[in-house]
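Residue-level structural notes
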Amino acid sequence: MADDTEGRGYPDAIVRPVTAARTITTERFAVSPALAGHVDYHWYVGWELEHPHDQQVIPQPRIHVAAEDGRLLVHGIGRKPFMRHLTGRGHTLGVSFLPGLFRPVLGSRVSAIADQVVPAQDLLGVDDRPAAERILTSTDPAEMAAAMESYLLEVGLPTDPVAEDVRRWTTLAEDDRSITRAEQLADRAGVSLRSLQRLFSEYVGIGPKWVVQRFRVLEVAARAHSGEVDWAAVAAELDFSDQAHLVRTFRDVVGAPPATYAKDL
């Protein structure tokens, strides 16, 4: 199935993408119109390994639902590095919800599941095991996607105008590189900083400061993947206080300074 979701999510969230491309198969593809207002895209990862592989991904301000270990698992936003230990042969398929749009589905504060991975039935009230079995026993990504979509449509995808506002504000933080602080985002959104913090906690699952900083980290990763980089210039462009600040921030998320990381992709 072709990847027709250019511009959705961050392919650069995959850490060490050159190594990953030699080791695992990844795809992203569009959801049906019935899900498009809540879910951004489907993603697929497949592997057939002679030796175990640890794959790291930079967490984004999105809720993912993925088929793993016989269940559909809801991944709350994690503050810690996200790593998966892969062995043998297998695959998973998941969906990436638009920022803020899992809140109407969950029906409660998304921050309550931060740093947690929870079976979908426990949160959404519909048995996820039949859908997970269909996904994990199939070899056709289109069939896997249909199983995932059937499950989510059975759960229900309520509308929520506040969720749409939060999604727009998150997109603004992503697209406008001049926004480097939560206070600036609140000003652009036309709400107080306290209101923005409350709404992001409830709808995104984490605060606006983290969201703004994470988009800048993802931009640094994209620069590292692009080739030789003037890191002092990047620090100034992305409004880090200095190059040392950029290095510390990136190292805390990825585990290595950007210049070192760029040599080991």
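Residues numbered from 1 in each chain as written. Predicted model: local features only at pLDDT ≥ 70, side-chain atom pairs only at ≥ 80, totals over all residues. Heavy atoms only, no water.

What to know about the pattern of salt bridges
- One pass over the structure, following the stated rule, counts 15 salt bridges.
- Residue E68 pairs with R84 through a salt bridge whose shortest N-O separation is 3.1 Å. Of the two residues, E68 sits in strand β4 (residues 64-68) while R84 sits in strand β6 (residues 82-86), which places them 16 residues apart along the sequence.
- You can call R84 partly exposed: its relative accessible area is 29%.
- Put simply, R177, E219, R223 and E237 are held in one network by salt bridges that share partners. (Salt bridge = Lys/Arg side-chain N within 4 Å of Asp/Glu carboxyl O. Helix = DSSP H or I, 4+ residues; strand = E, 2+ residues; numbered from the N terminus. Buried < 20%, exposed > 50% of the residue type's maximum accessible area, 1.4 Å probe, protein only.)

Here's the deal with helix α4 (residues 129-137)
- Looking only at α4, the buried set comprises A131, A132 and I135. Viewed along the axis of α4, the buried residues span an arc of 100°, placing them on a single side of the element. Among the exposed residues of α4, those oriented more than 90 degrees off its buried face are E133 and T137.
- Looking at the buried positions of α4, the neighbouring elements they touch are β4, β5 (71-75), β7 (89-97) and α5 (141-155). (Arc of directions from axis to C-beta. Contact = heavy atoms within 4.5 Å.)

Description of the sheet that holds strand β8 (residues 117-119)
- Here six strands make up an open sheet; going across it, the order is β1-β2-β7-β4-β5-β8 and the pairing antiparallel. The two strands at the open ends of the sheet, each matched to only one other strand, are β1 (24-29) and β8. Strand-to-strand twist across the sheet, computed as the mean angle between neighbouring axes with direction ignored, equals 25°.
- Note: β4 against β5, five bridges, orientation antiparallel. (Pairing = 2+ DSSP bridges. Axes fitted to C-alpha atoms, helices over the stretch in contact; angles between N-to-C directions.)

Some details on unusual backbone geometry
- Located in the positive-phi region is R16, a residue other than glycine, with phi close to 55°.
- Of note, R16 is situated in the segment before α1 (17-23).
- Judged by relative accessible area, R16 falls into the partly exposed class, the value being 24%.
- Positive phi values are uncommon outside glycine, yet D115 reaches one of about 65°.
- Turning to its location among the elements, D115 is positioned in the loop between α2 (103-106) and β8.
- Taking the relative accessible area as the measure of exposure, D115 reaches 43% and is therefore partly exposed.

Here's the deal with the confidence of the model for the chain
- For the chain, the average pLDDT comes to 90, and 96% of its residues sit at 70 or higher.
- Taken together, the stretch residues 1-7 has pLDDT below 50 and engages in 17 contacts with residues farther than four places along the chain or on a different chain. (pLDDT = per-residue confidence, 0-100.)

Notes on the packing of aromatic side chains
- Counting across every chain of the model gives two aromatic pairs.
- Sitting over the face of the ring of Y41, R28 holds its NZ or CZ atom 5.3 Å from the ring centroid. (Phe/Tyr/Trp six-rings, centres within 6.5 Å; stacked < 30°, edge-to-face > 60°. Lys NZ or Arg CZ within 6 Å of the ring centre and 35° of its normal.)

Topic: the layout of surface pockets
- Estimates place the volume of the largest pocket at around 1200 Å³.
- In this structure, the largest pocket is lined by 47 residues; those nearest its centre are W43, V45, V57, F82 and R84.
- Broken down by secondary-structure element, the contributors of at least two residues to the lining of the largest pocket are α1, β1, β2 (39-48), β3 (53-57), β4, β5, β6 and β7.
- Here the residues of the lining of the largest pocket are counted per class, giving 25 nonpolar, twelve polar and ten charged. (1 Å grid on protein atoms, 1.4 Å probe; cavity = no way out; pocket = protein on both sides within 12 Å on 5 of 7 lines; lining within 4 Å. Points joined across faces, edges and corners; volume = space filled by probe spheres on them. Nonpolar A, V, L, I, M, F, W, Y, C, P; charged D, E, K, R; others polar.)

Brief notes about the environment of E133
- Summarising the element assignment, E133 is placed in helix α4.
- As a C-alpha pair, E133 and A147 span 14 residues in sequence and 9.2 Å in three-dimensional space.

Some words on helix α9 (residues 208-226)
- With 19 residues, α9 should reach 27 Å at 1.5 Å per residue; the first-to-last C-alpha distance of 27 Å fits that figure.
- The buried fraction of α9 is high, at 16 of 19 residues.
- Of the residues flanking the end of α9, it is G227, one or two places downstream, whose phi is positive at about 130°. (Expected span 1.5 Å × (residues − 1).)

Comments concerning the pairing of β4
- Where burial is concerned, most of β4 is hidden: five out of the five residues are buried.
- Joining the antiparallel neighbours β4 and β5 is a turn of two residues, in which D69 adopts a positive phi near 55°.

Notes on empty space enclosed by the protein
- According to the stated counting rule, one finds one cavity of 30 Å³ or more in the structure shown.
- Put simply, the largest cavity is a space of about 30 Å³.
- Lining the largest cavity we find P61, R62, I63, L98, P99, G100, L101, F102, Y203 and V204.

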